[in-house]
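Structure assessment
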Amino acid sequence: MVAALSLCALCMRCMYAFCACAMLNEHVTRKKLQSAPTTYPLFIEPGMNIFRYNWSKALSFFTVFVVALAAVFQYLENSETVEIPRMDLKAMEENYRQRNRTCFILGSSGETGKVLLKEIVERNIFSKITLIGRRQLTFEDKAYENLVQKVVDFEKLEEYAEAFQGHDVGYCCLGTTKAKAGAEGFFRVDHDYVLKSAELAKAGGCSHFHLESSKGADKTSSFLYLKTKGQVEAEIGDLGFERFSVYRPAVLLVDRQESRPAEWMARTFLGAFSSVFPTAMSIPITSVARAMLVNTLQDGEQKVEILENKAIYNLGNIGDKK
């Protein structure tokens, strides 16, 4: 019932906005016609009738389009059935804190990595946090002063095996785009760097490895992005971690510092529907980071677990401290 009402409200808002634009355009057109010479009265009224007819036709089409789109989103929203576990998060955090565990984060300068690092630092569940990246990061907040930073050359990762040693948990948020790095560069970062890091982490004693992947990841896909994500998931799964957690978020709702026009358009479009269909095609980036943290605190039932978008969203809500 709530979903139906929300859907109706969304359609009504869209139609209201569309009608407002139509009325404004008609008003402007009338003003122009009123100020025009009156020597062509036979052309004015038919023209206005055609204008009204076209707007009416367009409005009908737009209404059908919105309803159809909302139906698709409703289907996607309910396509994943996920049970929300009951958790005492504070007790879990305290219990985990007493285990004196350590972690490393790959990609801490990226959008997900930054939010994940913030969550981990604020909750103080690890005795040691190591950032592994291409450059030294600077932080103004004193809460970050005890972080350990290891600068590495990802093209020669085997020479930096020491950076991956002695960690119980590893978080990998590395990633780029084909548009930014080209096809070869994208594969090198999202596959080669990620896989090599996982191999070094496993050799260094890491027992729980977290990987941020993508919705639709499939090693048999004909799309480079999804195929690469699927391949690296499968290959890391074969390494034999005690626990391997894969996160497959949909379009991330976040204001990126770097320019990604296609992703910006998708976020803008999907953001309008996210309040009604929060997990159909998108997810807030904070939900992904919090899900990774909450999943760390709970005992895994499977050696390899894949969390799809809705499961990530639900765990992220549990991790919301508000």
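All residue numbers here refer to positions counted from 1 along the written sequence of the relevant chain. In keeping with the model being predicted, local features are shown solely for residues with a pLDDT of at least 70 and side-chain atom pairs are shown and tallied solely at 80 or more, while totals for entire chains, interfaces and linings include all residues. Processing note: side-chain calculations cover all non-hydrogen atoms of the structure and skip hydrogens and water entirely.

It is at 9 Å that the axes of helix 4 (residues 111–123) and helix 8 (residues 285–297) come closest, and there the two elements cross at 50°. With respect to each other, helix 4 and helix 8 are oriented oblique. Here the hand of the crossing between helix 4 and helix 8 comes out right-handed. For the pair formed by helix 4 and helix 8, the contact residues are E111, T112, V115, L116, E119, I120 and R123 on the first element and I285, T286, V288, A289, R290, M292 and L293 on the second. Classification convention: Asp, Glu, Lys, Arg as charged; Ala, Val, Leu, Ile, Met, Phe, Trp, Tyr, Cys, Pro as nonpolar; all other residues, Gly among them, as polar. Taken together, the residues that form the contact of helix 4 with helix 8 break down as 8 nonpolar, 2 polar and 4 charged. For helices, the fitted axis covers only the stretch in contact; all axes are lines through C-alpha atoms, and the angles between them, taken along N-to-C directions, range from 0 to 180 degrees. What counts as a helix is a DSSP run of H or I of at least four residues, what counts as a strand is a run of E of at least two, and both are numbered from the N terminus. Working rule for angles: under 35 degrees goes down as roughly parallel, over 145 as roughly antiparallel, 65 to 115 as roughly perpendicular, anything else as oblique. By definition, turning the near helix anticlockwise from the far helix through less than a right angle yields a left-handed crossing, and turning it clockwise yields a right-handed one. Working rule for contacts: check all heavy atoms of both residues, and any pair within 4.5 Å makes them a contact.

On to empty space enclosed by the protein. Lining residues are those with an atom within 4 Å of a point, where the points come from a 1 Å grid over the protein atoms alone and group into cavities, where a 1.4 Å probe fits but cannot get out, or pockets, open sets with protein on both sides within 12 Å along at least five of seven lines. Grid points are joined across faces, edges and corners, and a volume is the space filled by probe spheres set on the points. Under the criterion given, the structure shown has 1 cavity of 30 Å³ or more. Considering only enclosed or pocket space, the largest cavity measures out at about 30 Å³ in volume. Around the largest cavity, the lining residues are L174, D190, V194, L211, E212, S213, K229 and V232. Of all the secondary-structure elements, those providing two or more residues to the lining of the largest cavity are helix 5 (178–203), strand 5 (208–212) and helix 6 (224–237). Taken together, the residues of the lining of the largest cavity sort by class into 4 nonpolar, 1 polar and 3 charged.

To estimate the expected span of a helix, subtract one from its residue number and multiply by 1.5 Å. Relative to the 20 Å expected for 14 residues at 1.5 Å per residue, helix 6 spans 20 Å between its end C-alpha atoms, a close match to the ideal helical length. Residue exposure (1.4 Å probe, protein chains only): buried if accessible area is under 20% of the type maximum, exposed if over 50%, otherwise partly exposed. Of all the residues in helix 6, the buried ones are L226, T228, K229, G230, V232, E233 and I236. Along its buried surface, helix 6 packs onto helix 5, strand 5, strand 6 (243–247) and strand 9 (304–307).

The next subject is helix 5. Along its 26 residues, helix 5 runs just 30 Å from first to last C-alpha, ending more than 12% under the 38 Å computed at 1.5 Å per residue. E184 marks where helix 5 bends most, by close to 85°. The complete set of buried residues in helix 5 reads G185, F186, V189, D190, H191, Y193, V194, L195, S197, A198, L200 and A201. At the exit of helix 5 stands G205, carrying a positive phi of roughly 105°. Throughout, the bend at a residue refers to the angle made by two axes, fitted to the seven residues ending there and to the seven starting there.

Right, let's talk about the environment of H167 for a bit. On the secondary structure map, H167 appears in the loop between strand 3 (148–151) and strand 4 (169–172). We classify H167 as buried; its relative accessible area is 3%. Along the sequence, H167 and T130 sit 37 residues apart, while their C-alpha atoms lie 8.6 Å from each other. In contact with H167, not counting residues within four places along its chain, are T102, C103, F104, T130, G204, G205, C206 and S207. In terms of polar contacts, H167 uses its side chain to reach the backbone carbonyl oxygen of A163, at 3.1 Å. N or O atoms closer than or at 3.5 Å make up a polar contact, with two conditions inside protein: a donor-capable atom paired with an acceptor-capable one, and, for residues adjacent in sequence, both atoms drawn from side chains.

Take the buried residues of types Ala, Val, Leu, Ile, Met, Phe, Trp, Tyr and Cys, join any two whose side-chain atoms come within 4.5 Å, and each joined set is a nonpolar core. Counting 38 residues, the largest nonpolar core has I105, L116, L117, I120, F126, I129 and Y171 as its most contacted members. For this core, the secondary structure elements donating two or more residues are helix 3 (89–97), strand 1 (102–106), helix 4, strand 2 (128–133), strand 4, helix 8 and helix 9 (309–318). Broken down by element, this core gets its largest block of residues, 8 residues, from helix 8. The contacts of Y171, once residues within four sequence positions are left out, are C103, F104, I105, L106, L116, I120, F126, H210, M292 and T296. If you look at the next biggest cluster of nonpolar residues, it comprises 25 residues, including I132, A201, C206 and I236.

With that settled, the discussion passes to the packing of aromatic side chains. Pairing of aromatic rings covers Phe, Tyr and Trp, the last counted by its six-membered ring, and requires centre-to-centre distances within 6.5 Å; plane angles under 30 degrees mean stacked, over 60 mean edge-to-face, and any other angle means tilted. All chains considered together, the criterion is met by 8 aromatic pairs. Both rings, one in Y96 and one in F126, keep their centres 5.6 Å apart while their planes meet at 85°; by these two values the pair is edge-to-face. Residue Y96 is located in helix 3, and its partner F126 is located in the loop between helix 4 and strand 2; the two are separated by 30 residues in the primary sequence. On the numbers, 4.7 Å between centres and 5° between planes, the contact of F139 with Y144 is stacked. Y144 sits in the buried class, given a relative accessible area of 16%. Through a chain of ring-to-ring contacts, three or more aromatic side chains come together here, namely Y96, F126 and Y171.

A separate point is the sheet that holds strand 1. Here, a strand pair is defined by DSSP locating no fewer than two bridges between the strands. A sheet is described by the order of its strands in space; here 7 strands give the open sequence 3-2-1-4-5-6-9, paired in parallel fashion. Taken across any chain shown, the strands that pair with only one partner, and hence form the sheet edges, are strand 3 and strand 9. Adjacent strand axes in the sheet meet at a mean angle of 15° when their direction is disregarded. One ladder, built from 4 bridges, connects strand 1 with strand 4; its direction is parallel. By the bridge assignment for strand 4, C103 is matched with V169. Running at roughly 165° to strand 2, helix 4 makes contact with strand 1, strand 2, strand 4 and strand 5 of the sheet. Where helix 6 meets the sheet, its contacts fall on strand 5, strand 6 and strand 9, and the angle it forms with strand 5 comes to roughly 175°.

Purely spatial values, then, with no claim about function.
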